[in-house]
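# Structural description and commentary
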Amino acid sequence: MDIGNSVYLVTDHKSTGAGVPAVICGLYERSARIAIEREEWTKTFDVPLWDLLPARAYTAAILRVCYSAWESLDQQGRSPGSLREGDLVRELAGAGLDQKAAQVCAGLAREVDWRGNCPLSTWLKTIRAFYL
């Protein structure tokens with residue numbers, strides 16, 4: 001990790017996708033100063049390094065859970081596009097995704113044409129673009 005890198009502050013170490021996007025402003029031996037930016041404000045504070053994940057690793061973890069949920073649905077003859085959004089959120093949360101991240105990923109599934117070419121790839125690329 002370097003100053004200026006995008007990271008996620010992990011807010012729950014027991015579920016995948018529980019995090020807040022941030023930028024590293026300073027690095028110390030065992031901690032980092034991060035900035036969390038919103039439209040209304042920017043807050044900076046120091047956090048232990050073990051509470052941070054590089055944006056690429058955070059995104060990869062979310063993509064793995066989404067792919068795993070897709071595999072499970074596919075084995076049952078279903079797809080994310082065949083489920084109502086609430087049902088897809090439950091499937092993703094059941095696969096280990098944080099509730100908020102599951103809602104985001106389920107919402108992004110609505111943008112995919114599940115009858116078109118490579119819908120899984122399109123969904124995963126949409127999720128990657130959102131989190132990176």
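Our structure's up above, just so we're on the same page.
Owing to the predicted nature of the structure, the values given are computational and were not obtained by experimental measurement.

Procedures and definitions
Residues numbered from 1 in each chain as written. Predicted model: local features only at pLDDT ≥ 70, side-chain atom pairs only at ≥ 80, totals over all residues. Heavy atoms only, no water. Helix = DSSP H or I, 4+ residues; strand = E, 2+ residues; numbered from the N terminus. Contact = heavy atoms within 4.5 Å. Areas by Shrake-Rupley, 256 points an atom, 1.4 Å probe, with all protein chains shown as cover. Axes fitted to C-alpha atoms, helices over the stretch in contact; angles between N-to-C directions. Parallel < 35°, antiparallel > 145°, perpendicular 65-115°, else oblique. Left-handed = near helix turned anticlockwise from the far one by under 90°. Nonpolar A, V, L, I, M, F, W, Y, C, P; charged D, E, K, R; others polar.

## Some remarks on the overall build of the chain
Regarding its fold elements, the chain presents four helices and five strands. Counted from the first residue to the last, the chain has its helices and strands arranged as β-β-β-β-β-α-α-α-α. By principal-axis analysis of the C-alpha atoms, the chain measures approximately 50 × 25 × 25 Å. A sequence separation of at least 24 residues applies to 44% of the contacts in the chain between residues at least 6 apart. Total accessible area on the chain stands at roughly 7900 Å², and carbon and sulfur atoms take up 48% of it.

## Digging into the packing of helix H3 (residues 99-109) against helix H4 (residues 119-131)
A pair of packed helices is characterised by two quantities: the angle between their axes and the separation of those axes. Where H3 meets H4, the axes come as close as 9 Å, and the angle between the chain directions of the two elements is 130 degrees. As summarised for this structure, H3 and H4 are arranged oblique, according to the angle between their axes. Once H3 is placed against H4, the crossing between them reads as right-handed. Contact residues: Ala101, Val104, Cys105, Leu108 and Ala109 in H3; Trp123, Thr126, Ile127, Phe130 and Tyr131 in H4. Across the contact of H3 with H4, the residue classes tally to nine nonpolar, one polar and no charged.

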